[in-house]
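# A closer look at the structure
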Amino acid sequence: MISVPVILSVMFLGGVLAWLANRFVPKGASWTAAIIAAFAGYLVFALPSCGGEYTLALGSITLVWKSTNYSALFAMLVAVLGFLGILYSMDFMAGKKNLGYYYMNFLFALGAMLGIVYSQDLVSLFFFWEVMTWSSFMLVIYSGEEKSHKAGIKYFAYSAIGAYLILSAIVILYAQSNSFLLSENVKMFSGMSLGTQIMVISFLALGFGVKSAMMPLHVWAPEAYKESPSGFTAVFSGALSKMGIFGLGLVVFKFAANTEFFVYVRETLAWLGGLTAMLATFYAVIQSDAKKLLAYSSIGQLGYIIVGLALGTPLGIMAALFLTIMHGAFKAMLFMSAGAVYMRTGTTSLDDVSGLITKMPLTFLTALFGIISVAGIPPLGGFISKWMLYQALLETNHYFLIIVIFIASTAAFLYLYRFIFSLFLGQREKEFEHVKEVPWSMLVPMMLLTLFVLVAGVFPGLVLDPIGKAMGYLGNFKASWEPQVVFSAWGEKINMQVIAGTIGTIFILGALFIGFKNRKATRVVSTKDIHTAGEIPTENENLTYAVNFNQPFERAIAPILKWSVDKLFNLLGENLESTFEYLRYVYTGNGQTYAMYVILMVVILILFSGSIFGIHL
């Protein structure tokens, strides 16, 4: 019988098997991990979306795991991206050391994410949350290089802060309800004091906000995404970050919805999400590394999701959950395409690589469809979510927030064009003449995700049906969708199939025109032999278009970006480090010094026992 414990056992035992297989069979770890992920994915899809409850009593603590329509949506995302990420890794990681370590932690992270979404008690949720953090931390530092260690330490530090906030909220809830069951705490939450409600919601929102990279808690994400292996980065950004979104959904609709200050929670989160979307987009524009650019892009897209959830309307929630699935797909596509470029060129620098379109056409196609979907252009899936989000903002009269989101969406074209132009278009340098397309195990995941974002854009009902059911779990929302709800009064006249056909035709005609126009041989000149646009170059400056691509825009937004929250956190860390240096004078490591402390404490207790304990010796 398929149940949650069976699925979790397959994942965690599979991780151990992958580690063992690496010790005895060449490529044993990768094939074992792929088979385990595929089998676990089958179990996830076969598990009833409203059933499979399993209860385990550990003394006075009752653990409950169950599949709901809400958890099933996130579990499917984890299962699909997990399998594709492992399949992608088979050739991407080939020949590297410690592959047993890599695949074991990969499967542990997937198992932990499934444990989180299936947990119906706070103890299980926190336990799997910690397993997820530890296993993903191990993958961030996988390369063993100093920069990956720094990125891993920062990621772990912020994750620990978020975990302690979640743990504090759990302790407060248990003190009030005497239960760890999620359903019991939700039921009793409205009867708790105002101060308790504010503390619990604040701690949970901040704790889950860390994993969803909500500003100003995002500073760990750019380096962690950049340093982790690309096969896992696709899952890191596409699925693991969604655990924060999963938690925020519970906070907003299971806890905050039962309070009198619900509107303030929604407005605060909405504006935090909007500012995250805009500022992360600005930071993405100024990046010169493909993976770091995509990391900030991912943070920005998570900001859109937070806005949709915070609006609290059926259309807003539907937009957020639709974008959750789409973001998982198109961000995995982009990180995989960047990883493919790295595999063939050894770098993800946007200043050094160009002209790979003819050498890696399928990777280019994946990247192209990915940026079109991120930009919200029809007929791909990103368009549907952006359309619904704007409509939800209009319905709730968030006009200033619309401006913020519009600025973010418009500025996104700058970094999206730079990503595609720098890596694939333009003139190819001689050192990349040997480049060829990546192996099938990397192409198949990219092509499948590309097909998905296209199909989801043309036939959104395939994704909106499970989303409608998930909304029923979050609250008293209509558990089905209708086209007029999605597209509003204007959109009833819009036919996505017609749009897809029209855009496809224009695409084909444009390609034919360009091909016909350039049928004659093109004169190739040096990348140094080009004009400048108002910029005065130095003698040794590389004059390719990719270098300083968005320099005028960077100058325009420089006053905004100079106030870095990362610098503020670093300053705080330096001051704490200085404080801890003084504490070393107290904690000397000398046993005699500690014995003196003990004697001094005993003397103090004897002299002041009356005032401290009410005891007179």
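Preceding this section is the structure that the text describes.
This write-up is about the structure you can find in this document. A quick note: this is a predicted structure, and the numbers were derived from the prediction, not measured.

Further remarks concern the overall build of the protein. Within the protein one finds 25 helices and two strands. Looking at the protein as a whole, 54% of its 617 residues are labelled buried. Considering only residue pairs separated by 6 or more positions, the protein has 78% of its internal contacts joining residues 24 or more positions apart.

With that out of the way, let us pick up unusual backbone geometry. Residue Pro-216 follows Met-215 across a cis peptide bond; omega there is 10°. By secondary structure assignment, the location of Pro-216 is in the loop between helix H8 (194–211) and helix H9 (221–227). The linkage connecting Pro-378 with the following residue, Pro-379, adopts the cis geometry, with an omega of 10°. Examined against the element boundaries, Pro-379 turns out to sit in the loop between helix H15 (361–375) and helix H16 (381–395). Non-glycine residue Asn-178 carries a positive phi angle of around 60°. Mapped onto the secondary structure, Asn-178 falls in the loop between helix H6 (146–177) and helix H7 (182–189). You will see that Asn-397, though not glycine, has its phi angle at about 60°, which is positive. Following the sequence through the fold, Asn-397 ends up in the loop between H16 and helix H17 (399–424).

This part is about a nonpolar patch on the surface. A contiguous nonpolar patch, built from Val-16, Leu-17, Trp-19, Leu-20, Phe-24 and Val-25 and spanning about 560 Å² of accessible area, is present on the exposed surface. Considering the arrangement of structural elements, one finds Val-25 in the loop between helix H1 (4–24) and helix H2 (28–46). A residue is classified by how much of its surface remains accessible, and Val-25, at 45% relative accessible area, is partly exposed.

Bringing the packing of aromatic side chains into the picture now. Under the defined criterion, the tally for this structure stands at 32 aromatic pairs. Ring geometry for Tyr-417 and Phe-421: centres 5.7 Å apart, planes at 35°, overall tilted. Of the two residues, Tyr-417 and Phe-421 are both situated in helix H17; the distance of four residues between them amounts to about one turn of the helix. Note on Tyr-417: relative accessible area 43%, which makes it partly exposed.

What follows concerns the pattern of salt bridges. Under the definition given, this model contains six salt bridges. Notably, a salt bridge pairs Glu-145 with Lys-147, separated by 3.9 Å at the nearest N-O pair. Residue Lys-187 is joined to Glu-184 by a salt bridge in which the shortest nitrogen-to-oxygen separation is 3.7 Å. Of the two residues, Lys-187 and Glu-184 are both situated in helix H7; the distance of three residues between them amounts to about one turn of the helix.

Moving on, we come to the packing of H6 against H7. The geometry of H6 relative to H7 is characterised by a closest axis approach of 10 Å and an angle of 70° between their N-to-C directions. As judged from the angle between their axes, H6 and H7 are roughly perpendicular. Across from Leu-173, Tyr-174, Gln-176 and Ser-177 in H6, the residues of H7 making contact are Asn-185, Met-188 and Phe-189. Partitioned by chemical class, the residues of the contact of H6 with H7 number four nonpolar, three polar and no charged.

What follows deals with the environment of Leu-8. In this structure, Leu-8 sits in helix H1. The class for Leu-8 is buried, based on a relative accessible area of 6%. Sequence separation between Leu-8 and Leu-114 is 106 residues, and the spatial gap between their C-alpha atoms is 7.3 Å. Among residues more than four places away in sequence, those in contact with Leu-8 are Gly-111, Leu-114, Gly-115 and Phe-128.

Cut-offs and rules
- Residues numbered from 1 in each chain as written.
- Predicted model: local features only at pLDDT ≥ 70, side-chain atom pairs only at ≥ 80, totals over all residues.
- Heavy atoms only, no water.
- Helix = DSSP H or I, 4+ residues; strand = E, 2+ residues; numbered from the N terminus.
- Buried < 20%, exposed > 50% of the residue type's maximum accessible area, 1.4 Å probe, protein only.
- Contact = heavy atoms within 4.5 Å.
- Patch = residues over 30% accessible without salt bridge, like charges linked within 9 Å, V, L, I, M, F, W, Y side chains within 5 Å.
- Areas by Shrake-Rupley, 256 points an atom, 1.4 Å probe, with all protein chains shown as cover.
- Salt bridge = Lys/Arg side-chain N within 4 Å of Asp/Glu carboxyl O.
- Phe/Tyr/Trp six-rings, centres within 6.5 Å; stacked < 30°, edge-to-face > 60°.
- Axes fitted to C-alpha atoms, helices over the stretch in contact; angles between N-to-C directions.
- Parallel < 35°, antiparallel > 145°, perpendicular 65-115°, else oblique.
- Nonpolar A, V, L, I, M, F, W, Y, C, P; charged D, E, K, R; others polar.

No statement about biological role is implied by the geometric values presented.
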